[in-house]
Amino acid sequence: MNDGAFVMSEVQSIREAFAEASSFLSQRGCNEPQRSAQLLLEHALGLSGAAYYTAFADPFPAEKRSVWEESVTRRGTGEPVQYIIGEQEFYGRSFEVTPDVLIPRPETELLVEAILKYGAELWPDGRIGGQTADGTPSARSLAAVDIGAGSGAISVTLAAEAPAWRVSAGDISPAALAVAARNALRHAAAVDFRLGDLLEPFAGMETDILVSNPPYIPGGDIAGLQREVREHEPRTALDGGEDGLDPYRRMMEQLTLLPAPPRLVGFELGLGQAEQVAGLLTAAGHWSEIVTINDLAGIPRHVLGISR
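Below: a short report on this structure. Keep in mind that this is a model prediction, so the values were computed, not measured. (Residues numbered from 1 in each chain as written. Predicted model: local features only at pLDDT ≥ 70, side-chain atom pairs only at ≥ 80, totals over all residues. Heavy atoms only, no water.)

**With respect to the overall build of the protein**
Here's step 1: In terms of helices and strands, the protein carries 11 helices and 11 strands.
Here's step 2: For the protein, the residues scored as buried account for 51% of the 308 residues in total.
Here's step 3: In the protein, 64% of the contacts between residues at least 6 apart in sequence involve partners at least 24 apart.
Here's step 4: When the accessible surface of the protein is summed, it comes to about 14,000 Å², and 51% of that surface belongs to carbon and sulfur atoms.
Here's step 5: In the protein, 24 side chains carry a positive charge and 42 a negative one; their mean positions are 2 Å apart. (Helix = DSSP H or I, 4+ residues; strand = E, 2+ residues; numbered from the N terminus. Buried < 20%, exposed > 50% of the residue type's maximum accessible area, 1.4 Å probe, protein only. Contact = heavy atoms within 4.5 Å. Areas by Shrake-Rupley, 256 points an atom, 1.4 Å probe, with all protein chains shown as cover. Lys, Arg positive; Asp, Glu negative; His and termini not counted. Charge placed at Lys NZ, Arg CZ, Asp CG, Glu CD.)

Written as structure tokens, this is what we have:
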């Protein structure tokens, strides 16, 4: 191994290749060096699960050496594994990820779960009752909008899990929307993607559910984030302004663009922001119930507004 680059020694087995890469990544200060080495090795070898462990004693395939060295070198610079292998699992599905989108996090699955749960409670058949101008009863599909589509993890999952819903998603980044559209195609999910800033692309559209995992890191905190995030994930998907709450305030202001406030709103947020975001929803006065959901570490991570 020379400075910065990973050069594989004449290892005999896949197990030794794993140990060597883990040691290299640890020395380079990478997070979870062993987990990183395993994911990169599974990708390089085209193996997963039991097949990966069964192959541990096998000789390392010589034809895979250059790809393996390149991927471990990239990880050693702090580049996230997900960008190197090009995908991340979310809610049981594999999503393409590129440096144009934020890497989906496990905690966001809890937001999707909550939206599906409360959506089913409010609209059991996924349809909205109503009537036409002449008084004839009519019904339409439930309309859910995801603000800040990114990879499409939220919107594609909602469309796949609740096919009766009409799901739309917006993002300010054309490159992110391209990734999201490919993920929708991959999972045969019907999502209407729109380019624009927060709620602006949905002006005038009936919206029953509004869900968003917006940028929420205070601008001054970004320099102190982990190298993997700070140097490699898109800043526009991280920077929430001076206190991290700008996107939430602006979405509350932009509710006037919609014919009526959504009956269900769900936001993901950062550490210590739950009280302020709940306060914004309460002050808006549209929701009779405000719910805060903790992530798996016990940190208040999502705030929902529900109008029953």
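Picking up where we left off.
**A short note on the packing of aromatic side chains**
Here's step 1: Counted by the stated rule, this structure contains 10 aromatic pairs.
Here's step 2: A ring pair is formed by Phe90 and Phe95, whose centres lie 6.1 Å apart and whose planes are at 90°; its orientation type is edge-to-face.
Here's step 3: Given the relative accessible area of 1%, Phe90 is considered buried.
Here's step 4: Among the aromatic residues, ring-to-ring pairing joins Phe6, Phe24, Phe60 and Trp68 into one connected group. (Phe/Tyr/Trp six-rings, centres within 6.5 Å; stacked < 30°, edge-to-face > 60°.)

**Things to note about the nonpolar core**
Here's step 1: Judged by nonpolar contacts, the single largest core of 34 residues is most densely connected at Ile115, Leu158, Trp165, Ile209, Leu264 and Leu304.
Here's step 2: Among the elements of the structure, α6 (106–122), α7 (153–161), β6 (166–171), α8 (174–186), β8 (209–212), β10 (289–294) and β11 (300–306) are those that each provide at least two residues to this core.
Here's step 3: Setting aside residues no more than four positions away along its own chain, Ile115 makes contact with Leu158, Trp165, Ile209, Val211, Leu264, Gly266 and Leu304.
Here's step 4: By size, the runner-up hydrophobic cluster in this structure holds 27 residues, among which are Leu198, Met251, Val265 and Leu269. (Core = buried A, V, L, I, M, F, W, Y, C linked by side-chain atoms within 4.5 Å.)

**Brief notes about the sheet that holds strand β9 (residues 264–268)**
Here's step 1: Strand order in the open sheet formed by seven strands is β7-β6-β5-β8-β9-β11-β10, with mixed pairing between adjacent strands. Of all the strands in the sheet, the pair left with one neighbour each is β7 (191–195) and β10. With direction set aside, neighbouring strand axes in the sheet form an average angle of 15°.
Here's step 2: In this sheet, β7 lies alongside β6 in parallel orientation, the contact comprising five bridges. Its bridge partner being in β7, Val167 is matched across the sheet by Val191. (Pairing = 2+ DSSP bridges. Axes fitted to C-alpha atoms, helices over the stretch in contact; angles between N-to-C directions.)

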